Amino acid sequence: MFLDTQKRPPRTLRYVEKAFKEVKSRKNVRDVVILNDRGNPVKSTMDQDDAVQLAGLFQAIRGRLERGMSKIDPTDELLMLRVRTKTNEVILVPDSKITVLVVQNAHDNFEK
């Protein structure tokens, strides 16, 4: 499903900083949490306790989703998890080095 830890390219501080800066600059983004390969926050706009709590909750959802999806197609992999309410949206994007967790305001241009 995901690359084994040994096959993953090393995560660098520059890579994390670049991803953090790029995501944080997007419109409507409220918070960004960057997780290492173990699911621990390494950079965040939130205080540490809130980042750890949010990361734990969404990593649990991610794990359950991956297990469920593997029953459907064991060769498939998770590219993005998006959870949306009327006012907020949380997006989880794993890659080979880090996982990016974004909290943003959910605005629809067609609703006026």
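Rules and cut-offs
- Residues numbered from 1 in each chain as written.
- Predicted model: local features only at pLDDT ≥ 70, side-chain atom pairs only at ≥ 80, totals over all residues.
- Heavy atoms only, no water.
- UniProt positions renumbered as here; feature names shortened; annotations may be inferred.
- Helix = DSSP H or I, 4+ residues; strand = E, 2+ residues; numbered from the N terminus.
- Buried < 20%, exposed > 50% of the residue type's maximum accessible area, 1.4 Å probe, protein only.
- Lys, Arg positive; Asp, Glu negative; His and termini not counted.
- Salt bridge = Lys/Arg side-chain N within 4 Å of Asp/Glu carboxyl O.
- Polar contact = N/O pair within 3.5 Å; in protein donor to acceptor, adjacent residues only side chain to side chain.
- Phe/Tyr/Trp six-rings, centres within 6.5 Å; stacked < 30°, edge-to-face > 60°.
- Lys NZ or Arg CZ within 6 Å of the ring centre and 35° of its normal.

Among the UniProt annotations of the protein, the heading Sequence similarities (unreviewed entry) holds the following wording: "Belongs to the GAMAD family."

Attention shifts here to the side chain of D31. Considering the arrangement of structural elements, one finds D31 in strand 1 (residues 29–35). Within the buried core, D31 has no salt-bridge partner, and the shortest N-O distance to an opposite charge, that of R30, equals 4.7 Å. A distance of 2.8 Å separates a polar atom in the side chain of D31 from a polar atom in the side chain of T45.

Our next topic: the packing of aromatic side chains. Scanning the entire structure with this criterion turns up zero aromatic pairs. Of note, K43 hangs over the ring of F20, and the distance from its end group to the ring centre comes to 4.7 Å. The cationic tip of K97 hangs over the ring face of Y15; the distance from NZ or CZ to the ring centre is 4.2 Å.

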